Every structure is written in structure tokens, then in C-alpha cells.
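# Overview (structure and organization)
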Amino acid sequence: MSYQNAPDLNTGPQPGPKSPRRTGGATTDQDCCPPLLEHQLGVGDFLKIQSAFEPSDPCQAICMSREEFMQRMTETVGWGTKQEYGELFDKVDVAQDGFINWDKLTSFMLFTLYEKDERAKATVVPAWKDLEFLPVKHKDTIQKVIFLKSSSRYLTISKEGLLGVWGENLKLQETLPITSDATKLKHLWVTSLVSLENVNKIAVAFTSKEICFYDLLSKGEFPCQYKLQGLKGTPICMEYWYDPLDANKSVLSFGDITGKVQAIAFTTALISLFERPASAHEDEEAMVTLSWEELLSGYHKCCYTLQHNLHHGDWVRQVTYNASLDAIISSTTSNTNTMVLAWREKSKKHLKMTSFNVAEGIHAFDYHSQLNLIATAGINKKVCLWNPYVVSKPVGVLWGHSASVIAVQFFAARKQLFSFSKDKVLRLWDIQHQLSIQRIACPFPKSQDFRCVFHFDEAHGRLFISFNNQLALLAMKSEARRRAKSHKKAVTCILYNSVMKQVVSSDVGSTVSFWMIDTGQKIKQFTGCHGNAEISTMALDANETRLLTGSTDGTVKVWDFSGYCHHTLNVGQEGAVEISQILVLQKTILVMGWERAITVFRLQNFNQFFIQPEKWKGEIQHSDDILCAAFLPPQTLVTGSYDGEIVLWNNSTENAHCVLHPHYQRRLKSKSDTEPHKLFSAGRSLSTCPSPDQAALGAHSFETDTKGNNAVVRLCFLEARTNTSETGGANLVSCGGSGYVRFWDTFKKQLLAEFLAHGGAGSIIMSIDKSNQYLATGDLDGQLKIWNIEDYCLNSSKSKITEAPTLIRSFQPHEDQISSLEMCKPGGRLLIISCSADCSICMTDVCGASVWIFGQAKHWQTENHISLPKRDANLMKSEIQEESIRDIPLLSKEESCLDLRERSLLDKENKDDTIYNFESCI
């Protein structure tokens, strides 16, 4: 693959406070076009300007004339000439009132920065990973690629009717044949596919002049719920839209080979797409067959039809309903009535239409609502930009392709446009300047006869291009240079201290950092806590006044928040170990991760600096290494191991009494009972068959788990469910290998539910809020999902539940493995904090707020060096340096304005400063 980037279209000095002024020397291009004053003013300068506009009487506003503004600004700001401030005044005073105030100035600056920001985004050339061909199982031409937002899955469908279901990580989960009685005929093809997201269905069009509607929520294969027959022509393109504010309102539009454009407008989609006959109510899963004549007659009260035939026999290549224009847009390859906009005026049944004539016709189009532009892919090698209300000529023409253009799609956020031509050349255009800023030649096989499907998933930065039955992926590289880093090295663990309202983080470089939750301000940092050894996990004591750090050097250290090491727990007996969890209880500290036994330290013996472990009374009950543990007052302790076993203990006696596993349970009657007597839970047996997708992923294996497919990585008790012992239901959640989450009833020793949270992503971790309403899961790819479990598994069930709880959010805040998750509720707002091997700590909320990175923007105010008094040899020399991120709250309601004001700060390199320097605590 070859890349050709156009030159930077927006070069020049970066905005910043107090840019240096030239005083002489050789003349350069920049001397001829000096940077504008408003692009050089920094936040500190604006604070000075604001103070000049502040009146002594709050009820009055200060207005300045041009002369007064020039004089006061040169004195207040301290740099810049009167001429420059005069020019700034003229730009602000667009109404020529002769005076300006603070509101006018700030409005002008925000608008100027917004325009500058938009211009900068429009000229950013994305970097791409190498072209990758996905391992599809399609034998015939791929007809459509779509993304399901509700389940974070991709769907592909080919001409022979094979549906491919892909995970968000682009692992093929399963393939299903889309068939019905009619589609079993030879030479019958699938022509198009759309997703009906609001009702969890897909619609598939066939050459039999049928459209079938399939339910995505059914187990196993997707059943056909409705079959629309009797269409006058074969539908070859479809599109679906629904109103995000009222999901009952939706439009399915489709075009056929006779030139007809038709649409079905649904009015009660959430209740039912079509009327069901009385006989069908008895069997909800029975397929309902309906005819196009029924829809035309108005028999179905929950929808109505729209249609026109302005294309006069030409194949309709693309059709869509656009809500911004409130019109149906369609196109053909004819040079007359090439593109048609059709809309219905109020109280009128017939459509009004306007048409665009494009020489030689077009293959495709796309509409950008903010720019109000329609881009067309011309057979004449041109990409044209049209105003929807001007049919006479395009407002812009993009030249550069040497073959007919077969696809176009806007990169909406950046106001850029993709175009793809028949010679397999991809171009990216800057719409504002109407210039090609990137050219990519795709290495497809040489062939003149091929079908191409073009789909850009903007949310994930993925571009899919099909070549007959092959599917290629072009993925954008993450803009690492713009992404802030919270730590210099991979972050391993995060905690939230509710007493101090601080986030505590650790990394593989043996550094611990402390952050303010409300501002993202790093307030202190400890380095060298365990020499050069990695800190793998941390924990807080019950009062949240002590911090425990576990390291690969085989020790756990106990610190106060002034940097004093009180104790060193000798876990590994002078050897390196992998500590995965520290559990602090009322009388003991439990450490685990590298062996089958629980390592215990009893607090009654914490009377010296070095502490040695003691013997766990329950001895060894696991067959593999213990990875995690959880405690439920007053005395229930559970531990999970690499082989998938969960052991239930009485923490008071330290004796185990039961072992749980996804496929069996065994009771432990005595210490000598080591044989695995497999007693299956009520209502289930060994013969229970897994679902096809589970079997494909290898989630269920009745042999010894040597690959960690069932490894228990996290355990969480649902403590808010206080009546589980009487009412039944799940009170324990586990997760780990193969991306599964499982819900257990520890009182009845029963697995109640399991669902695949992250398909094909390997091991996952999780966190649950204190009210037990939300579950957050993270995987090795940096993907984070938030689930609503408030009403999930509240009652016991004889059969295991495999349906997942409601998925609220699915997004990717990190570029690498998520290593730790924490949920907290400062100020009544539930926040999810995550850290990753990509060196960042991210925070967001349940409802969909922006993802903020700790340390993403720093505005230095003061640097205070504080000497700490020496207590003894265990308190090391240290210094504190305060960092401040002024006026940048992590979850501000004024995010957009702040983003404009501080945009230049986000791109600056983050420099973590050492705050504490530790030597060995001896």
C-alpha cells in the first residue's frame, strides 16, 4: 500500500501566551505574515484583560472606546502594540458601535478559536495501519457491512445469504444462513441488509421481491418475524432511520430495479412494525406474511407508505431518508434525474420532488447535515458537492481521480470526505479548501469486474472496503502524540480514597501518584516505592488512612499518605512473586496470586517493621493458583483460582466448605476431603449444551482448564442485596477468562447466570458500584462496557440465564489492556475510573459523558518545595511539588467552551515531575 500525504495546509506559529517578538535578523515568510494578536494571547493574558473590564459596581458593565482599549491593554497585558490592539478592537466591534465590553470580546475570541480549531481538524491527515484482510467465510459477493450500536457488533451479509456476526474486536463470532421457504430456491440472492436498531431487528431484501424482518434478540439463529411479499420490482438498496427522541417513529426506504423509490413510515415501531393477525397472537414466534398491496390499502394502521417513480426504469443504486432535510434522497447511474429529493408536505399524500442531473450519472452519495452538502460519486471521475436547494450546478467539484468514483462518505467530525474509485484508489478531501489531503492505493487483486461495499465506522476509526467476497479493513492509528499520559509507564492499579477524595494510581516503574478527583490535579507522587520492581496491586485499610502496595519483589508495604513506610510484609520469602490482590480484613491481611495457598498476616503481630506470614488454618483447597478474593460480612470469604474454581470459606474458622465451578460443585466435609465429588446444581446436569457462540469461543470445557478459559480474575459480592438468603437470587459476581461474567447464589451453591461480555477479547476485569446497580467490565483491547444489573438475577431459577443484562455504554477509552477499574460516587455522581497499560487513567460517568484523562491538561501556577522532617530511617528524603490544572474540571458542563479555551494545552507534552523519592525502607 502506498501513502501520499498532501502538504500541511495550516502551518504557522502555535497559539500561546507571550510569543516572542522579532527585533531583527534575516527576513522569513513569517515576517511578511506575522501571527495575529488574538492567536498569541494566553489564558493568563485573558485573566489580565478580564480584570481590566471588572467594574467596581457589580451592577454596571465597563465599556471601552477604541483609544481607551488600546491604551489600557498595552498597560495591562504588558506586551503588544497599540496598533495590534486597535486591529483587535475593530474585529470585535463588528456593529461599529464605537465601544466594546467583556462579553463582546469573549464572544469574538470563542468564535475565532472555534474556527481555528475546525480548520486545524479539517487538515489533520489520519495515519493508517496496514491494510488487513479479515477472515470471512463468505463464498459470494459481500452486499453490506453494518455496525450494531446496541450490541457493539458488526454484521456482514453476502449474496448467497450467509450472515457474519463480528465482535467489536473484529473476531468472527458466528455465521448464520439467512433463509426462508422462498430463499431455498436456486439463483435467489440477497441484495441488501439494514439494521432496525430501535426494535432490535434486521431487514434483508431478496431477488424474490421480498423483504424479511429478523429478530436479533432470539437465541440461536435469527427467526424471521415478518415477510413482506408482492413488491413490483426487486429491491436492491435499503436504508433505515429512526427518531432518537421518539423511537416509535422510523422510516424504511428502498429502491428497486424498475426505478421505483418506496418507503414505509412506522408510527408505533416499539409496539409493533405491522398488524399481527389474531391467530398469530397465540404463537408470538410465528412468522407473519404480508403483502405490499396490504400496506398500500392502509390495512396496517401502525404504518403508511410513500413512493415515487421519477427515475423511470433506471436501477435505484442508493436511497436514504434524511431527517435534516425531511426528504428521501435516491440516485441512479442515469444522466437525467440522477439524484432525486422527495418530500411530503403536511396534509398532502403525494410527494413533491426535485431532481439533479449529473453528466454520466453517479454511483453513490452522502449528506453532511452541518455543512448542508451532498457529495456525489461521479461516473465521470468527479466528486461533486451540492447544496440540496440548488439543482443547477454543484457548489464545488473535487478533481483528482483517474477512474470513475464508486463510493463517497463524509468524515463528519473533521468535515472531511472519503472517495473511492474503480482503480482502487482512496482519497481523503479537505472540504473547506476542496483539496485532496491524502491518497491511498489499495492492493486489491487486478480485476475490472468487481463489486465494492464501502463503510466507514467513524466512532471506531475503521474503514471497511469489500472486493467481491473479500473484506479489507483500514484502521486509523491512534493519535498518540495528542493523547495525554498520566504515568510515564504502564499503570497497574487504581483506588479511590473517599476520605480525601483522591485517586491513587501505581505503575510498573514502582511509582504511586495521587490525583484530585474533581480537577484531575496531581497533588503528589511517590517514586521508587519498591526500588525498580513493578507494583502489581494496591489496597486501602478500612479507615482509608493506610495504603498497601504489593510488588513483584515479593513484598507488601504499608504506607501513610505522607510517604512513611510503617511495615514491610515479606510475602515471597525472598523470592519474586506475582501478587494479584491484597484483601484487608478486620483482623488479617490476605495476599494471593502466585500459589494455591492463601498467605495471611495477622494484625495482632504488627508490632515490628518486618512482618512474616503465618499459616492459614484451612490449608490448601485449590488445585491451581489463587488469583482473587472477596469478603461478605460477617464471615464469608471466597477465593477464585486460575482453573475456574471458587472456594467458599468461613473466615472466622478459616475452613473451606464448598467449591463452585461453572460445570460442577463439590462440598468439602473435612480437611481430608480432597477428591472432587461432582454434585450438580438443581435443575442442571452435565449434559447441558452450550450455545453455538459459546462453544465456538471455547468458553465451556469439561477437561482440565490449562489455558485459563475459566480463570476467575475478579470476585465481587453484591452487598446491597441484603435479603438474598431468604428471597434467593445472585449475591456474587465473577469474571475472567474468555470474557464471561457469571452470577452465583452462594447460599444455594448455584450458578444462576452467565453471559459473554467481551467476545474474543480474552480475560476481562470488572467493578461494581456500592448500590449494585451498575457493572463495568474492561478487556485486553482497552474496551469498556457498562451494564445495568439492578434487576438482574434477583430470583433463583432452575435453568441458567444466558441473556446479558442491559448494556448502557460500550466504548474504548484506552489503546491497550485495561488493568484496573474503580467505581465511585463523589458528590452523588457515579463515576467510572479505569487505568491501562497505555499509561493513562481515564474517567467518565454512566450516562455518556466525555472521557477525561488524568493529567491531560496542566496549567502551572506554583511550585512549592516542602521539606519533610526526618522521623527515622524509614522516612526518606522527599520533596513535594504541587501541580495545578486551573479551570479544567474533569466533567465540566461547559466542556465545549473549555475545550476551545484550552485546546492548545492538550497537545503539549506531559511531563511528570518526581515528587517523592524513596530509598529502601530499612
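- In the nomenclature of an unreviewed UniProt entry, the protein chain corresponds to Cilia- and flagella-associated protein 337 isoform X5 from the organism Vulpes vulpes.

### Some thoughts on the UniProt feature "repeat: WD" (unreviewed entry) in the protein chain
- When the UniProt feature table is mapped onto this chain numbering, "repeat: WD" (unreviewed entry) sits at residues 398-439, 484-525, 535-562, 619-650 and 766-790.
- In this annotation, residues 766-790 is assigned 0% helix and 52% strand; the end-to-end C-alpha distance for the span is 16 Å.

### Considerations on the pattern of salt bridges
- Scanning the model with the defined rule gives 11 salt bridges in all.
- Note that R602 and E654 form a salt bridge whose closest N and O atoms lie 2.7 Å from each other. Of this pair, R602 sits in strand β43 (residues 599-602) while E654 sits in the loop between β47 (646-650) and β48 (655-661), placing them 52 residues apart in sequence. Judged on exposure class, the residue R602 and its partner E654 are both buried.
- Close ionic contact of E754 with K800 constitutes a salt bridge, the shortest N to O distance being 2.9 Å. Taken together, the residues span a long stretch of sequence, with E754 in strand β53 (residues 750-756) and K800 in the loop between β56 (784-788) and β57 (806-811) at a distance of 46 residues.
- Three or more residues joined by partner-sharing salt bridges are found here, namely R602, E614 and E654.

### Section: the sheet that holds strand β58 (residues 818-824)
- Taken in spatial order, the four strands line up as β58-β59-β60-β61 in an open sheet, and their pairing is antiparallel. The open sheet has two edge strands with one neighbour each: β58 and β61 (852-853).
- Sheet topology note: the β58/strand β59 (residues 831-836) ladder contains six bridges and is antiparallel. By the bridge assignment for β59, S820 is matched with C835.

### A short note on the packing of helix α2 (residues 43-53) against helix α3 (residues 66-77)
- At a minimum axis separation of 10 Å, α2 and α3 run at an interaxial angle of 130 degrees. With respect to α3, the axis of α2 lies oblique. Where α2 crosses over α3, the two elements pack in a sense that is right-handed. Contacts from D45, K48, I49, S51, A52 and F53 of α2 reach α3 at F69, R72, M73, T76 and V77.
- Split into classes, the residues belonging to the contact of α2 with α3 amount to six nonpolar, two polar and three charged.

### Thoughts on α2
- Of the residues making up α2, those classed as buried are V43, D45, F46, I49, A52 and F53. Looking down the long axis of α2, one finds its buried residues gathered within 165 degrees of arc, a one-sided arrangement.

### Some remarks on empty space enclosed by the protein
- Summed over the entire model, instances satisfying the criterion amount to three cavities of 30 Å³ or more.
- Taken together, 13 residues line the largest cavity, and the ones lying closest to its centre are N710, A711, V712, S734 and R742.
- Among the secondary structure elements, those contributing two or more residues to the lining of the largest cavity are β51 (732-736) and β52 (740-745).
- Per-class residue counts for the lining of the largest cavity are seven nonpolar, five polar and one charged.

### Some points on the sheet that holds strand β30 (residues 454-457)
- Across the sheet, four strands lie side by side as β4-β32-β31-β30; this open sheet has antiparallel pairing. Looking along the sheet, the strands with just one partner apiece sit at the ends: β4 (132-133) and β30.
- Of the pairings in the sheet, the one linking strand β31 (residues 462-467) to strand β32 (residues 470-475) comprises six bridges and is antiparallel in character. Note that in β32 the partner of I465 across the bridge is A472.

### Digging into the confidence of the model for the protein chain
- In this model, the protein chain carries an average pLDDT of 81, and 81% of its residues clear a pLDDT of 70 or more.
- Across the protein chain, the secondary-structure element scoring lowest on mean pLDDT is strand β62 (residues 866-867), at 24, and the one scoring highest is strand β23 (residues 373-378), at 97.
- Segment residues 1-33 is flagged for pLDDT under 50; beyond a separation of four residues in sequence, or across chains, it makes 58 contacts in the model.
- Ignoring residues within four places in sequence, the model shows residues 671-706, a span with pLDDT below 50, making 59 contacts including any to other chains.

### Considering the pairing of strand β16 (residues 288-291)
- Where burial is concerned, the two faces of β16 differ: the one with V288 and L290 is buried and the one with T289 and S291 is not.
- As judged from the four bridges shared by strand β12 (residues 224-229) and β16, these two strands associate in the parallel manner. In the strand pairing of β16, K227 is matched with T289.

### Regarding the packing of α3 against helix α4 (residues 82-92)
- Running from amino to carboxyl end, α3 crosses α4 at an angle of 125 degrees, the nearest separation of the two axes being 9 Å. The pairing of α3 with α4 is recorded here as oblique in orientation. The way α3 lies across α4 gives a crossing that is right-handed. For the pair α3 and α4, contact is made by R66, F69, M70, Q71, M73, T74 and V77 and by K82, Y85, G86, E87, L88, F89 and D90, respectively.

### Here we look at the UniProt feature "domain: EF-hand" (unreviewed entry) in the protein chain
- Mapped onto the present numbering, the UniProt feature "domain: EF-hand" (unreviewed entry) falls at residues 80-115.
- Across residues 80-115 one finds 69% helix and 6% strand; the C-alpha atoms that close the span lie 23 Å apart.

### Quick word on the packing of aromatic side chains
- With the rule as written, the count across this model stands at 29 aromatic pairs.
- Summarising the aromatic geometry, the rings of F53 and F69 are spaced 6.5 Å apart at their centres and angled 40 degrees between planes, so their arrangement reads as tilted. Linking F53 in helix α2 with F69 in helix α3, this pair joins segments that are 16 residues apart in sequence.
- Residue class for F53 comes out buried when judged on its relative accessible area of 4%.
- The buried category is assigned to F69, whose relative accessible area is 1%.
- Taken together, the ring pairs in this structure connect W128, F411, F418, F420, F454 and F456 into an aromatic cluster.
- Looking at R809, its charged tip hangs above the ring of F811, at a distance of 4.0 Å from the centre.

How each quantity is defined
Residues numbered from 1 in each chain as written. Predicted model: local features only at pLDDT ≥ 70, side-chain atom pairs only at ≥ 80, totals over all residues. Heavy atoms only, no water. UniProt positions renumbered as here; feature names shortened; annotations may be inferred. Helix = DSSP H or I, 4+ residues; strand = E, 2+ residues; numbered from the N terminus. Salt bridge = Lys/Arg side-chain N within 4 Å of Asp/Glu carboxyl O. Buried < 20%, exposed > 50% of the residue type's maximum accessible area, 1.4 Å probe, protein only. Pairing = 2+ DSSP bridges. Axes fitted to C-alpha atoms, helices over the stretch in contact; angles between N-to-C directions. Parallel < 35°, antiparallel > 145°, perpendicular 65-115°, else oblique. Left-handed = near helix turned anticlockwise from the far one by under 90°. Contact = heavy atoms within 4.5 Å. Nonpolar A, V, L, I, M, F, W, Y, C, P; charged D, E, K, R; others polar. Arc of directions from axis to C-beta. 1 Å grid on protein atoms, 1.4 Å probe; cavity = no way out; pocket = protein on both sides within 12 Å on 5 of 7 lines; lining within 4 Å. Points joined across faces, edges and corners; volume = space filled by probe spheres on them. pLDDT = per-residue confidence, 0-100. Phe/Tyr/Trp six-rings, centres within 6.5 Å; stacked < 30°, edge-to-face > 60°. Lys NZ or Arg CZ within 6 Å of the ring centre and 35° of its normal.

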